[in-house]
Amino acid sequence: DVATKMASLAWINMLLEKKPGEMSGFIADLLPVLLKTLSDPSDLVVLLNLQVLSRISMHKAEFQLVLNSILSLFSTDRRLLETRGALIVRKLCVLLNAKSVYIRMSYLLSTSNDFSLEYASTMVQTLNLILLTATELHQLRALLKTCFQSHATTEDREVFASLFDSWCHNPVATFSLCLLAQAYDVSFALMKEFSNLDITVGFLMQIDKLVQLLESPIFVHLRLQLLDVEAPHHASLLKGCYGLLMLLPQSDAFRSLNDRLSTVCNLRDNLGVSAKLEDEEEEEEYLKGREALVGTVLDSDKLLRRFREVMALHKRARERSQQQMAAMEGNITNNGGIGVGGMAANFSGQYPQRGGVGMGGIGGGGGMPSSKGGALAIGVGPGGNVILRSSTSPGGGGAMMGVGVGGGSTTMNTSGILSNPGGINMLSSSSNINVDAAAASLPLQPPGINRVVAVDNSGRSIGFRKDGSTILKTSNM
């Protein structure tokens, strides 16, 4: 009931406001419930729930705890991230300090081992889109636009550096952050690094989205700076934008950006730009400002090294993932399956001569699971005959066991089994049992017990010797 939830959250919020000291002992119990409530269908409940979480976050320790918990929740519940992630982050930035929220989340994404690299990239993409579009983050955007200027404070520069550390998990987000901060020389250097990346469909989709955002009011400063053709930063800015154009396939975004850049180039040609004394002085001042950043948190070489390190981590992670997929494909030669009224698929190990597990499928009218030297072969045929076949290559070693369950009769073909030492080769449970012990004529390879054993529903076991004679026992195996 929405009304009940709203009343409960309002009561908790009031207690946290009036009696924060007494309520601190209940934070550990409240937090899991509050995090779960973020998935509530009602937006009103979620917004009030975020107020409670913000109230808890008034103290530094709880602030870190809440943000850590929210990031962990997003990592396990991707649907919540997709549907409510922007709402949650934007509301927290309003209720708390936007700069503190972003710096803390960035720090966790860049340092925590609890999050996968794939999740870090996705989360950075989400945070970057909010940063570029949300009105709630206007002050943070304004701060970032000035952090590379000569009058910027050390604290302002550290904000960019802290975001850059985690933004490196997403190349397009990193590039857009540099455009926002007017660090056009760094953005162009990053563009050249893109040639070493795997260009995926997702990457191109992010580029397309960024080009659309370049047409938004957020980047009006960038579009106007394209007109300043004599500025020292203009060449890097223009090359960076042309780099986006070269990455894009022929699309609406390509044509939009191409039209704007063509206009800028036409302007430069019509003006007949030439070097002037004041422009040389401006360029000298620009270069001095960049030299002053050497050795600081905004050192371009240091930033690029960080980007390369993170991209190398992602590359190694992709290679490991590909190797694991290749190993799985090599291990599974045939997928298990279900065959109704026909033959079931088979599933065998990567190294059948060394043992392993081979599982058959289900056949409504008769299945034929097969395992080439694993430890197990299973065939199930309800209401009909079951054919269970198992074989292994010579020298395989280890036991071969097959289980067949059927309402009718069960036939077991043990060809090849007795050529190897092992334990129980066949086990079946059925109303009628037929055993084909063709392998009984094969030479025995001691040591080991080679026999075919069947157990019927009465618990009687039938053993077959090498010479084909049978032994009937009444005890269970």
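Residues numbered from 1 in each chain as written. Predicted model: local features only at pLDDT ≥ 70, side-chain atom pairs only at ≥ 80, totals over all residues. Heavy atoms only, no water.

Engineer: Can you walk me through helix H5 (residues 60-76) in this structure?
Structural biologist: Given 3.6 residues per turn, any residue in an α-helix points the same way as the ones three and four places further on. Its 17 residues place the ends of H5 25 Å apart at the C-alpha level, agreeing with the 24 Å of an ideal helix rising 1.5 Å per residue. Of all the positions in H5, only Phe63, Val66, Leu67, Ser69, Ile70, Leu71, Leu73 and Phe74 are classed as buried. In this fold, the buried residues of H5 make contact with helix H3 (27-37), helix H4 (43-56), helix H6 (78-95), helix H7 (98-111) and helix H8 (117-133). (Helix = DSSP H or I, 4+ residues; strand = E, 2+ residues; numbered from the N terminus. Expected span 1.5 Å × (residues − 1). Buried < 20%, exposed > 50% of the residue type's maximum accessible area, 1.4 Å probe, protein only. Contact = heavy atoms within 4.5 Å.)

Engineer: What is the right way to look at the confidence of the model for the protein chain in this model?
Structural biologist: Fine structural detail should not be taken from predicted coordinates in areas where pLDDT scores are low. Put simply, the protein chain has an average pLDDT of 74, and 63% of its residues get 70 or more. Considering only residues more than four positions removed or in separate chains, one finds that residues 333-462, a stretch of pLDDT under 50, has 314 contacts. A low-confidence stretch, residues 464-477 stays under pLDDT 50, and its non-local contacts, those more than four residues away or across chains, total 38 contacts. (pLDDT = per-residue confidence, 0-100.)

Engineer: Where do I start with the pattern of salt bridges in this structure?
Structural biologist: Side chains that carry opposite charge are capable of pairing whenever their charged atoms lie near each other. Under the definition given, this model contains 11 salt bridges. Among the ionic pairs, Arg90 bridges to Glu136, the shortest N-O distance being 3.1 Å. On the criterion of sequence distance, the pair formed by Arg90 in helix H6 and Glu136 in the loop between H8 and helix H9 (138-146) is long-range, its members being 46 residues apart. Look at Arg90 and you get partly exposed, because its relative accessible area is 33%. Judged by its relative accessible area of 28%, Glu136 falls in the partly exposed class. (Salt bridge = Lys/Arg side-chain N within 4 Å of Asp/Glu carboxyl O.)

Engineer: Is there a simple way to explain the packing of aromatic side chains in this structure?
Structural biologist: Summed over all chains, the structure comprises seven aromatic pairs. Taken together, a centroid distance of 6.5 Å and an interplanar angle of 40° make the contact between Phe194 and Phe307 tilted. Of this pair, Phe194 sits in the loop between helix H12 (184-193) and helix H13 (201-214) while Phe307 sits in helix H18 (residues 300-331), and the two are 113 residues apart along the sequence. Note on Phe194: relative accessible area 2%, which makes it buried. Taken together, the ring pairs in this structure connect Phe175, Phe194, Phe203 and Phe307 into an aromatic cluster. (Phe/Tyr/Trp six-rings, centres within 6.5 Å; stacked < 30°, edge-to-face > 60°.)

Engineer: Just checking my understanding: could you explain the nonpolar core for this structure?
Structural biologist: A general tendency of soluble globular proteins is for nonpolar side chains to be buried together. Tyr102 and Phe160 are the most contacted members of the largest nonpolar core, which has 101 residues in total. Once residues within four sequence positions are removed from consideration, Tyr102 is found in contact with Val89, Cys93, Leu127, Ile130, Leu131, Leu137, Leu140, Leu163 and Trp167. (Core = buried A, V, L, I, M, F, W, Y, C linked by side-chain atoms within 4.5 Å.)

Engineer: Which parts of the structure should I look at to understand unusual backbone geometry?
Structural biologist: Excluding glycine, a negative phi dihedral is what most residues carry, and trans is how most peptide bonds are arranged. Phi at Gln182 takes a positive value of approximately 60°, unusual for a residue other than glycine. Taking the relative accessible area as the measure of exposure, Gln182 reaches 18% and is therefore buried.

Engineer: What exactly am I supposed to notice about the environment of Cys241 here?
Structural biologist: Secondary-structure assignment places Cys241 in helix H15 (residues 234-247). Between the C-alpha atoms of Cys241 and Phe188, which are 53 residues apart in sequence, the distance is 8.4 Å. Apart from residues lying up to four places away in sequence, Cys241 is in contact with Leu222, Leu257 and Leu261.

Engineer: Help me understand the state of the cysteines in this model?
Structural biologist: A disulfide bridge is the covalent bond that connects two cysteines by way of their sulfur atoms. For the structure on display, the rule yields zero disulfides. We note that Cys168 lacks a disulfide partner, and the nearest cysteine sulfur, in Cys178, lies 8.3 Å from it. For Cys178, a relative accessible area of 0% gives the class buried. (Disulfide = S-S within 2.5 Å.)

Engineer: Would you take a moment to explain the side chain of Asn13 for this structure?
Structural biologist: The topology assignment puts Asn13 in helix H1 (residues 2-18). Once you skip the residues sitting within four places of it in the chain, Asn13 turns out to touch Gln51, Val52 and Arg55.

Engineer: In this structure, what is going on with helix H10 (residues 154-167)? I would like to understand it.
Structural biologist: Spanning 14 residues, H10 covers 20 Å between terminal C-alpha atoms, matching the ideal 20 Å at 1.5 Å per step. Burial analysis of H10 places 10 of its 14 residues in the buried class, the great majority of the element. Considered for burial, the residues of H10 that qualify are Asp156, Arg157, Val159, Phe160, Ala161, Ser162, Leu163, Phe164, Ser166 and Trp167.

Engineer: Would you take a moment to explain the packing of H8 against helix H11 (residues 171-180) for this structure?
Structural biologist: Each packed pair of helices is defined by two parameters, the angle between the axes and the distance between the axes. Direction vectors running N to C along H8 and H11 enclose 25°, while the axes themselves pass 10 Å from each other. When the interaxial angle is binned, H8 and H11 end up roughly parallel. Where H8 crosses over H11, the two elements pack in a sense that is left-handed. Of the residues in H11, those touching H8 at Val124, Asn128, Leu131 and Leu132 are Ala173, Ser176, Leu177 and Leu180. A breakdown of the residues in the contact of H8 with H11 according to their chemical character gives six nonpolar, two polar and no charged. (Axes fitted to C-alpha atoms, helices over the stretch in contact; angles between N-to-C directions. Parallel < 35°, antiparallel > 145°, perpendicular 65-115°, else oblique. Left-handed = near helix turned anticlockwise from the far one by under 90°. Nonpolar A, V, L, I, M, F, W, Y, C, P; charged D, E, K, R; others polar.)

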